[in-house]
Number of protein chains: 2
Amino acid sequence: MSHYHLACNKCALEHPPSMETLACISCGAPLDVRYVASAEIGGTGRIPAMPFHTESPSMTLGEGDTPVVPLEAVGRSLGLYNPMAKLEYLNPTGSFKDRGTAAMMSVAKEFGIEAIAEDSSGNAGASVAAYAAKAGIEAHIFAPASAPQAKMQQIGVYGAHTHAIDGPREAATDAAMAYCREQGLVYASHNLSPFFLEGTKTFAYEVARQMGDALPDHIVVPVGNGSLFIGAWKGFQELIAAGALDRAPKMHAIQAEAVMPIAAAFAGRGWTPRAGTATIAGGIAVGAPPRKRQVLDVLQASGGVSVAVSEPSIESWHATMAQSEGIYCEPTSAAAFAGLELLLGAGHVAPNDRVLVAVTGFGLKDAPPTSSG
Amino acid sequence: MSHYHLACNKCALEHPPSMETLACISCGAPLDVRYVASAEIGGTGRIPAMPFHTESPSMTLGEGDTPVVPLEAVGRSLGLYNPMAKLEYLNPTGSFKDRGTAAMMSVAKEFGIEAIAEDSSGNAGASVAAYAAKAGIEAHIFAPASAPQAKMQQIGVYGAHTHAIDGPREAATDAAMAYCREQGLVYASHNLSPFFLEGTKTFAYEVARQMGDALPDHIVVPVGNGSLFIGAWKGFQELIAAGALDRAPKMHAIQAEAVMPIAAAFAGRGWTPRAGTATIAGGIAVGAPPRKRQVLDVLQASGGVSVAVSEPSIESWHATMAQSEGIYCEPTSAAAFAGLELLLGAGHVAPNDRVLVAVTGFGLKDAPPTSSG
């Protein structure tokens, strides 16, 4: 018997460990990893339980342990005492996705998987391609034909097979799933895989270790599919269960006004993918996130809020972060700072609260023409 | 009295601490930082002495503490037992230069410097621009008009003033120095500044801490100006002086055949910058490195060798590293692996020796058209 099973996060039905099962066979909701004995969840509260059988991911490219740095200029500009950033862009392929991919591909390697497919127009595709190269697993990455050239080039450099699919973003998902059925490949979806979330929960363990008694009151995250958001919350809950923490930060989910299914749902407003417009924050342009309900659950449980930010505010913060903090992030990450500004204005964050912002992706990967100073 | 002075590394003449003094006033050779009391050199051998007055660099963007990862595919391919890489590309602006810049700009901030100029066609320019943004110091970066567009764009994003200079690489140096004289700016040269080397020596402290009893027998570094090479050696010497290490690794300096002043000098052959040809390893294309004599001294003192590698071997290793290890490095970093292959072939490295390769820069910054798989 394995030390975990896959549990439906809606109806709680249990499923045996597998790379193939990506949704509940009863109700269709996404699955989470549940460990069988709670004692196995990190004896000391320092080391997270993981769905593989080595102490650390066997397929590692050096992900995690990203720096936490103070943001003096942001603090002065917003009238906020000592805000901090966790530089997730300093992961091996330039984004936080590497945390999730390291766990997912380590599991794939244990299962003896030889070939996978994934759909992504950006960071997840590059991350899966890199770890697949490390693992010696054949990777097929499906992306919209309109995806940014620099990101597709990075995916290709790792030796993955890229498939450009005409039509909307969803067409790439459909094509990847069809290809998996036809070719008998595993669909290694960063949005659906429960193993991916196990990897992103390491974010919380690091925050607890790096910040200690100065644990943030608020963590601000740009949210598309929400894998970092949900994973980090799971990590904090594990740390509390293990007695290593007595509280968790409020988790705030920032979206672009252009694509805001979660911010709209949080505000009790309707929103459909057809309402989506173009945004420079490509990493959070997800019209129908499959784990939306889980994101809303985390917002409620943590006491956080979700807000949506305008394109000009994203552009402005993108330039400000580079020119006043020396942090060259993706526009997607800049959206988090635009969101922080709104949270302060609305009183959700007070000037003396401790704030940590997740800077999720490297600007080198996604430089808009407007960003050049 | 300060806790250090600047000492000529050729005639040993002492100079008072200053950002303006970049060469010995007697013999013109470059300067090094020398601490006044040896007791101040890291009491425990764990924390390096530094030319500023805070425990860590005040101008930090989260540099250093880069991961060390095993290279299984490289080991299999070369018949080498367990080679390792230190991923210097996971520094805040995507290259090892951030170690040197953090120290240099922290000193600049203490001296109250308000504006600097620097000449660089790539990584150093981006690094100086980012830390200058953090420090609130005005930066002017001079680069050849032919410099890669992506690197110049990154420099501009940080809000630095870029100056494109027609003519050879040396013309940008001359223009930067002339601008400093005219405008009364500090010439913050990563090649000449003794403070820059104090930053790069942290590489050695981390290797000693991360690898412990498995300290490498060999460290393989791509060398242009040699700031990482010289700095790392200085770090190892400090650790030995403090009793924290009893030996240092052999330091090997890899160059491209296209621009090989150090490899030629090591082999006792003549070479002039006029002999230089084009190379995809732009980070080590330095025809007349001002600290060449110091690099040769480190080679001799450590028992290392310098070899030059061909363009096809750099291209081939660039693709191999991405496709078999999931490491997307700059061509400059790939040259180090091409060099390692030569060192093994020539018997300078034995199959069971412990080898660490410095992966100095991120491939995203400098992707040649040939690299796409």
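Residues numbered from 1 in each chain as written. Chains lettered and ligands numbered in written order. Predicted model: local features only at pLDDT ≥ 70, side-chain atom pairs only at ≥ 80, totals over all residues.

(A) How the structure looks around the confidence of the model for chain A. Residue and element names in this part refer to chain A. Chain-level statistics for chain A give a pLDDT mean of 93 and a share of 96% at 70 or above. Below pLDDT 50 for its whole length, residues 368–373 participates in 16 contacts with residues either more than four positions away or in separate chains. Among the prediction metrics, the complex's ipTM stands at 0.92, with pTM recorded as 0.94. (pLDDT = per-residue confidence, 0-100. Contact = placed C-beta atoms within 7 Å.)

(B) Local environment of the relation of the copies chain B and chain A. Overlay of chain B on chain A (RMSD 0.0 Å): rotation 180°, translation along the axis 0.0 Å. What the rotation and shift describe, once combined, is the action of a two-fold rotation axis. Judged by C-alpha distance, Leu90 of chain B is the residue of chain B that lies nearest the rotation axis, at 2.7 Å. A high fraction, 100%, of the interface residues of chain B reappear at the interface in chain A, so the copies pair face to face through one surface. (Least-squares fit on C-alpha atoms with pLDDT ≥ 70 in both.)

(C) Spatial organisation of the sheet that holds strand β13 (residues 355–359) of chain A. All names here are of chain A. Across the sheet, six strands lie side by side as β4-β5-β13-β10-β11-β12; this open sheet has mixed pairing. The open sheet is flanked by β4 (68–70) and β12 (306–309), the only strands paired with a single partner. Taken pair by pair, the neighbouring strands of this sheet meet at an average axis angle of 25°, ignoring direction. Along the sheet, helix α10 (residues 292–302) contacts β11 (250–256) and β12; its crossing angle with β11, the most-contacted strand, is approximately 135°. (Pairing = 2+ DSSP bridges. Helix = DSSP H or I, 4+ residues; strand = E, 2+ residues; numbered from the N terminus. Axes fitted to C-alpha atoms, helices over the stretch in contact; angles between N-to-C directions.)

(D) Spotlight on unusual backbone geometry. The backbone of Asp65 of chain A sits at a positive phi, close to 50°, despite the residue not being glycine. Inspection of the secondary structure assignment puts Asp65 of chain A in the loop between β3 (31–35) and β4. Accessibility expressed as a C-beta count within 10 Å gives 15 for Asp65 of chain A, which makes it partly exposed. Residue Asn82 of chain B is not a glycine yet carries a positive backbone phi of 50°. Looking at where Asn82 of chain B falls in the secondary structure, it is placed in the loop between α1 (72–78) and β5 (84–87). Taking the number of C-beta atoms within 10 Å as the measure of exposure, Asn82 of chain B has 14 and is therefore partly exposed. (Buried ≥ 20, exposed ≤ 12 C-beta atoms within 10 Å, placed from the backbone.)

(E) Geometry of the domain arrangement of chain A. On domain assignment, one finds that chain A holds domain 1 (4–40), domain 2 (68–95 + 196–371) and domain 3 (114–187). Its residues assigned to classes, the side of domain 1 of chain A that touches domain 2 of chain A comprises two nonpolar, two polar and one charged. (Domains from an automatic or database assignment. Nonpolar A, V, L, I, M, F, W, Y, C, P; charged D, E, K, R; others polar.)

(F) Structural context of the interface of chain B and chain A. If you look at the interface, chain B gives 34 residues, while chain A gives 34 residues. When residues of the side of chain B that touches chain A are traced back to their parent elements, those giving at least two are α3 (123–135), α4 (149–157) and α11 (311–325) of chain B.

(G) Up close: the environment of Val221 of chain B. Residue and element names in this part refer to chain B. Here Val221 is to be found in strand β10 (residues 218–222). On the neighbour-count criterion, Val221 (30 C-beta atoms within 10 Å) is buried. Through-space distance from the C-alpha of Val221 to that of Leu245 is 21 Å; in sequence the pair is 24 residues apart. Apart from residues no more than four positions distant in its own chain, Val221 is found in contact with Leu228, Phe229, Met251, His252, Ala253, Ile254, Ala336 and Ala358.

(H) Focus on the environment of Ala285 of chain B. Residue and element names in this part refer to chain B. Its place among the elements puts Ala285 in the loop between α9 (261–266) and α10 (292–302). For Ala285, a count of 20 C-beta atoms within 10 Å gives the class buried. With 204 residues separating them along the chain, Ala285 and Tyr81 place their C-alpha atoms 31 Å apart. With near-sequence residues (within four places) excluded, Ala285 lies in contact with Gly224, Ala256, Ala258, Val259 and Thr279.

(I) Focus on the sheet that holds strand β6 (residues 115–119) of chain A. Residue and element names in this part refer to chain A. One open sheet holds the four strands; their spatial order is β8-β7-β6-β9, and the pairing between them is parallel. The open sheet has two free edges, formed respectively by β8 (161–165) and β9 (186–187), since each of these has just one partner strand. By the bridge criterion, two bridges tie β6 to β9 in an arrangement that is parallel. Paired with Ala117 across the two strands is Tyr187, which belongs to β9.

(J) Layout of helix α8 (residues 227–241) of chain A. Residue and element names in this part refer to chain A. An ideal rise of 1.5 Å per residue puts 21 Å on 15 residues; α8 measures up with 21 Å between its terminal C-alpha atoms. The complete set of buried residues in α8 reads Ser227, Leu228, Phe229, Ile230, Gly231, Ala232, Trp233, Lys234, Gly235, Phe236, Glu238 and Leu239. Gly243 occupies a position one or two residues after α8 and carries a positive phi of about 80°. (Expected span 1.5 Å × (residues − 1).)

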